[in-house]
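Close look at the chain arrangement
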Amino acid sequence: MEWNARRLEVVEPSPTLAISAKAAELKKKGEDIVSFGAGEPDFETPAHIKEAAKKAIDKGMTRYTAVSGTVELRDAIITKFKRDNGLEYSRNQIIVGTGGKQVIYNFFLATLNPGDEVVIPAPYWVSYADIVRLAEGKPVIVPTSKADNFRISPAQLEKAITPKTKVVVLNSPSNPTGSAYSRKELEAIGEVILKHKVMVLSDDIYESIVFDGFQFSNLAMLSPELKELTFIANGVSKAYSMTGWRIGYGAGPLHIIQNMDTIQSQSTSNPSSISQAAAEAALIGDQTCVAEMAKAFQKRRDLIVGLLNEIPGVEVNVPQGAFYVFPYLTGVYETDGFKKLQSASSETSKSKLFCAHLLDKYKVAAVPGIAFGDDNALRLSYAMGEEDIKKGVSRISEMVKDFSR
């Protein structure tokens, strides 16, 4: 008897989680590891949010809630959309899930039929393509360029859409590049979306982490017609440093939310009642903490970009948001030392080989760019202290210099 489900043949374990787990294991063994792998803020969850969770426990809020989330949290999400985005949603257009990843997973389960195509600009968050495959859809990967700051153009989007296209994914600011779409750029993309009447998954999880006065927009904010074609996925994990609380939320057309509710009712049911109380406090409470964390991330961005651009053969764009950089290594790949390393290895991915050597010999954990659809780079998360950033980049610089000797 075959015990493994065939759907496992089309997916792989999350490489970012695997890298983070390996780095943590080495640290426990006493290794001096600098880990750029984890995609989570290093700040404490703000005190008023933790206090709300404690009060919820004391009040006995420990029972099942509605599958789609408590009335109070969904109303808080409605308030957030109106306050931050100028968007109006009714309570039955909101769903709360166990993290943003579950919200995205349920969205694709609720919308895709076998063979439906989903356009995904690359570099992309590692889970998009595998979630689409698990939902029996077909990822259509559209490579973007460093020269265009990793943003898909309307012409590229137009070319990628076919009669089988059902969804286009937009993640702004982006994981792994930190690039973001301006309102003007989104307006041009919106024209293509309206022409073909396809759905958009707008992954806004890094909405509040933007730099240099950048003004966040999504397609739903542009017109009522685009709002009807847009599903917004968001959550409290990045903005409020609440990754472990596992609360994500989505907003969109009523029929999609109803179908997602049905799916969730037969899988996890409701998210944690205590975490929902904390998320409510996060969304409707004092937002000063959000701005303070974004300010700290911008300072770290400036530090890591400056240090990386000093390394020969390494090129990195300046991110407009999130807390990642995506340095290109094409110059490093041409060094004699790297070519020698490559010839002695059976690994065909250059970024995997680079990151394996970096962790093994220089004690720095990073995620290979190929995991995000671009083998020319690696992803570094700068959700860490400035001294660790300096130490980690110094080790990367040392390795690159060794390749050139």
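Rules used throughout
Residues numbered from 1 in each chain as written. Predicted model: local features only at pLDDT ≥ 70, side-chain atom pairs only at ≥ 80, totals over all residues. Heavy atoms only, no water. UniProt positions renumbered as here; feature names shortened; annotations may be inferred. 1 Å grid on protein atoms, 1.4 Å probe; cavity = no way out; pocket = protein on both sides within 12 Å on 5 of 7 lines; lining within 4 Å. Points joined across faces, edges and corners; volume = space filled by probe spheres on them. Helix = DSSP H or I, 4+ residues; strand = E, 2+ residues; numbered from the N terminus. Nonpolar A, V, L, I, M, F, W, Y, C, P; charged D, E, K, R; others polar. Axes fitted to C-alpha atoms, helices over the stretch in contact; angles between N-to-C directions. Parallel < 35°, antiparallel > 145°, perpendicular 65-115°, else oblique. Left-handed = near helix turned anticlockwise from the far one by under 90°. Contact = heavy atoms within 4.5 Å. Phe/Tyr/Trp six-rings, centres within 6.5 Å; stacked < 30°, edge-to-face > 60°. Lys NZ or Arg CZ within 6 Å of the ring centre and 35° of its normal.

Going by the annotation in an unreviewed UniProt entry, the name recorded for the chain is Aminotransferase, with Leptospira haakeii given as the source organism. Quoted straight from UniProt, the Sequence similarities (unreviewed entry) entry for the chain says "Belongs to the class-I pyridoxal-phosphate-dependent aminotransferase family."

What about empty space enclosed by the protein?
Counting across every chain of the model gives three cavities of 30 Å³ or more. Lining the largest cavity are 17 residues; nearest its centre among them are P121, P123, Y124, N171 and S174. Those elements giving two or more residues to the lining of the largest cavity turn out to be β3 (117–122) and β5 (165–171). Here the residues of the lining of the largest cavity are counted per class, giving 11 nonpolar, six polar and no charged. Forming the walls of the second largest cavity are L170, N171, S172, Y181, L186, S202, D204, F216, S217, N218 and L219. The residue inventory of the lining of the second largest cavity, partitioned by class, reads five nonpolar, five polar and one charged.

A look at the UniProt feature "domain: Aminotransferase class I/classII large" (unreviewed entry) in the chain
As recorded in UniProt, the sites labelled "domain: Aminotransferase class I/classII large" (unreviewed entry) are residues 32–396. Here residues 32–396 runs as 42% helix and 14% strand, with 14 Å between its end C-alpha atoms.

Overview of the packing of helix α4 (residues 100–111) against helix α5 (residues 127–134)
It is at 9 Å that the axes of α4 and α5 come closest, and there the two elements cross at 40°. As summarised for this structure, α4 and α5 are arranged oblique, according to the angle between their axes. Like other packed secondary-structure pairs, α4 and α5 cross with a definite hand, here right-handed. Together, K101, I104, Y105 and F108 of α4 and S127, Y128, I131, V132 and L134 of α5 make up the contact between the two elements. The class makeup of the residues in the contact of α4 with α5 is seven nonpolar, one polar and one charged.

Description of the packing of aromatic side chains
Note on aromatic pairs: each is described by the distance of the centres and the angle between the planes. Enumeration according to the criterion identifies 16 aromatic pairs in this entry. Three or more aromatic residues joined by ring pairs form one cluster here, namely F43, Y206, F297, F323 and Y324. Positioned over the ring face of Y89 is K227, at 4.4 Å from the centre of the ring.

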